[in-house]
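Okay, here's what each chain looks like letter by letter:
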Amino acid sequence: MHNNQTFADIFRASGISRRDFLKFCSLTSVYLGLSPSMVPKIVQAMETKPRTPVIWLHGLECTCCSESFIRSSHPTIEDIIFNMISLDYDDVLSAAAGHQLEDVRRKIMQDYKGKYILAVEGNASTKDDGVYCMVGGDSFLNTLKETAADAAAIIAWGACASYGCVQNADPNPTGAAPVSEIIKDKPIVNVPGCPPISEVMTGVVAHFHTFGTLPELDRMGRPKAFYNTRIHDKCYRRAFYDAGMFVRSFDDEATRKGWCLYKMGCKGPTTYNSCSKIQWNGGVSFPIGSGHPCIGCSEPNFWDKGPFYERLAEVSFLGTDSNADRIGVIAVGAAAAGAAAHAAVTAVKKAKAGKDSEDKA
Amino acid sequence: MGRIIEEIYVWRLPVRVYHWVNAICTVMLLLTGMYIAAPVINPPLGEAVWYNGMSWWRYLHFATAFVFIANFLFRMYWALFGDDRYARFGGFQPWSPSWWGKPFREQVESYLFLRRDEPNYVGHNPVAALAHFIFIFCGSTFMILSGLAMYGENNPGGFSESMFGWMIPLFGGSYALHFAHHLLAWIFPIYLIMHLYAVFRHDVVDRTSVTSSIITGYKHKVEEEPN
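Draft legend 1. Summary view of the overall build of chain B. Looking only at helices and strands, chain B features nine helices and two strands. Reading chain B from its N terminus to its C terminus gives the helix and strand order β-α-α-α-α-α-α-α-α-α-β. Projected onto its principal axes, the C-alpha positions of chain B cover 75 × 40 × 35 Å. The 227 residues of chain B split such that 22% are buried. Of the contacts formed within chain B by residues at least 6 apart in sequence, a portion of 61% connects residues at least 24 apart.

So, in structure tokens, the structure goes:
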């Protein structure tokens, strides 16, 4: 296969005539609502524009993002890797290995300088020169910096690459840092989740391929199309929340009836993701749909905001069993005790002062 | 008990109205907020469409919050532009070292029983002014900004989200902001205890009728007791 294969090349190789290719371009212009004068432009783009080259790196991670990615149903993974992107380097999926594969990465970086997409799964250890994550004989920190230097844009897959996930949970022994803390000079799309929903992942790739630009991002660098709303706001159990009908333990009647999991520590009200809209595995279900509270895996530092089954986080530096309410009660108690002590001292002083003046008289 | 020798009109009507609206709103917000964090009422039997247990508490919280915000903004207007020498920001200058000087030190010493006499102020004493700045001004500002940011969460692109949504990444996510809002809500009961204690104590020690002044507006100067 040629490196710079265009759509026209692929069509020709698949035995599609030029006549059919032009028909396809005309139809595409109709689908996109463009005027007939645009057809030559589409033909030109199809004949000259190569598929988007993608380098997919794996750092400190569990490969759950890849597992999710290959299960996409709209668009399917075949559609993505055969028709939209040219997945030129992925050390998990590639048939090649070792020096051959690393050479491919360097070649792509040269041939498509400033044009390829860098997809990063996992994050890099930054402590001790990154020795806690070595890939292909070099630290992942170096590989990431080297590959990012000539990338057009970076997609940070999953909670690891976006925010850090379990690797940089307290106390973060390896100094794991998300991509945005290591690479500062490139546009980065954060696609958080542990893993992200497969359709969200393929949707981001499809957007870049179709429009040639990154999707619109929100304040946290996430694509607005998928991370604009909270799980809570689109949850099918929201009616039970508003009614005040809550599950109170996992074996009660309310659980069987599918009431709201808010009191079981559901993080849906503070989690931005598409789980309650797109759902998982081609729309089969999602955690809340299967009766488990959301753990907020697409939110920053979700590991440190546990426990998963309680609404209010522990304040870890004050020891377990300390949450905001406990701190508040203790502080209010201290204020009350302080006021009482102060009142007592005032009374004693006043009595003493009164006695003094009586003595003088 | 000494004879009343002077009546001073300290708290003008706008200040008194602000005070009581603020007091009622704060207590309401605390109660409804704590309920939202931990809804304790048992779920009723039947269908979800029949009830609005949780949404009613949230509605109360939001409605009260908007009254609280309006009241706070009014007080800010009064503090900046009101023709009211005891309610203006004018005297409160914590950025200037001289403000922390003798009057502040004397008041602190008095509270710590390090001096016998009680300095007396017609308006707020410097320690009270500092406490109000920290608890009421800074505390309310934070609760309002974080509250509006969270209020806007269910309508991305709307007014609240566009104007105050920057609070969410600032605190590192929605959950962290909820947590901060919940934790800092506790400063209000702490303030309430200290405030009530200080007011009652001053009433007993200085006998300036500071407690009733927030209803009538008048403080009294009383004759020194013969020593």
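Draft legend 2. The overall build of chain A, seen in detail. Scanning chain A from terminus to terminus reveals 14 helices and nine strands. With the C-alpha coordinates of chain A rotated into their principal frame, the extents come out at 120 × 50 × 40 Å. The proportion of buried residues among the 361 residues of chain A is 39%.

Draft legend 3. Here's a closer look at the domain arrangement of chain A. Examined at the domain level, chain A breaks down into domain 1 (1-50) and domain 2 (51-227). A straight line from the C-alpha centre of domain 1 of chain A to that of domain 2 of chain A covers 29 Å.

Draft legend 4. Expanded view of the interface of chain B and chain A. Opposite the 36 residues of chain B that make contact, chain A presents 41 residues. Those elements giving two or more residues to the side of chain B that touches chain A turn out to be helix H2 (53-81), helix H6 (167-170), helix H7 (174-185) and helix H8 (187-206) of chain B. The leading source of residues in the side of chain B that touches chain A is H8 of chain B, at seven residues.

Draft legend 5. Focus on the confidence of the model for chain A. With 94% of its residues at a pLDDT of at least 70, chain A reaches an overall mean of 87. Least confident of the elements in chain A is helix H3 (residues 39-48) of chain A, whose mean pLDDT is 73; most confident is strand S9 (residues 188-191) of chain A, at 95.

Draft legend 6. Representation of the sheet that holds strand S2 (residues 85-90) of chain A in the model. Residues and elements named next belong to chain A. Spatially, the five strands line up as an open sheet ordered S2-S1-S3-S7-S9, and their pairing is parallel. In this open sheet, the two strands that pair with only one neighbour each are S2 and S9. Within this sheet the neighbouring strands show an average axis-to-axis angle of 20°, counted without direction. Examined bridge by bridge, strand S7 (residues 153-157) and S9 share four bridges and lie parallel to one another. Each residue of the ladder has a partner; that of Ala156, found in S9, is Asn190. Where helix H10 (residues 198-211) meets the sheet, it contacts strand S1 (52-58), S2, strand S3 (117-121), S7 and S9, and its direction lies at approximately 155° from that of S9.

Draft legend 7. Seen up close, unusual backbone geometry. All names here are of chain A. Residue Pro171 is bonded to the preceding Asp170 through a cis peptide linkage, with omega at 5°. Position of Pro171 among the secondary structure elements: in the loop between helix H8 (158-162) and strand S8 (176-177). For the bond running from Cys194 to Pro195, omega is -5°, close enough to zero to count as cis. Relative to the elements of secondary structure, Pro195 occurs in the loop between S9 and H10. With a phi close to 70°, Thr63 is a non-glycine residue in the positive phi region.

Draft legend 8. The arrangement of the nonpolar core in detail. Judged by nonpolar contacts, the single largest core of 78 residues is most densely connected at Leu118, Val120, Ile154, Ile155, Ala156, Trp157 and Cys260 of chain A. A total of six residues in this core trace back to one element, the largest contributor, which is H10 of chain A. When sequence neighbours within four positions are dropped, the list of residues in contact with Trp157 of chain A reads Cys65, Ala119, Val120, Glu121, Val191, Pro196 and Met201 of chain A. With 10 residues, the next largest nonpolar core counts Ala324 of chain A together with Met167, Tyr175 and Phe179 of chain B among its residues.

What counts and how
- Residues numbered from 1 in each chain as written.
- Chains lettered and ligands numbered in written order.
- Predicted model: local features only at pLDDT ≥ 70, side-chain atom pairs only at ≥ 80, totals over all residues.
- Helix = DSSP H or I, 4+ residues; strand = E, 2+ residues; numbered from the N terminus.
- Buried ≥ 20, exposed ≤ 12 C-beta atoms within 10 Å, placed from the backbone.
- Contact = placed C-beta atoms within 7 Å.
- Domains from an automatic or database assignment.
- pLDDT = per-residue confidence, 0-100.
- Pairing = 2+ DSSP bridges.
- Axes fitted to C-alpha atoms, helices over the stretch in contact; angles between N-to-C directions.
- Core = buried A, V, L, I, M, F, W, Y, C linked by C-beta atoms within 7 Å.

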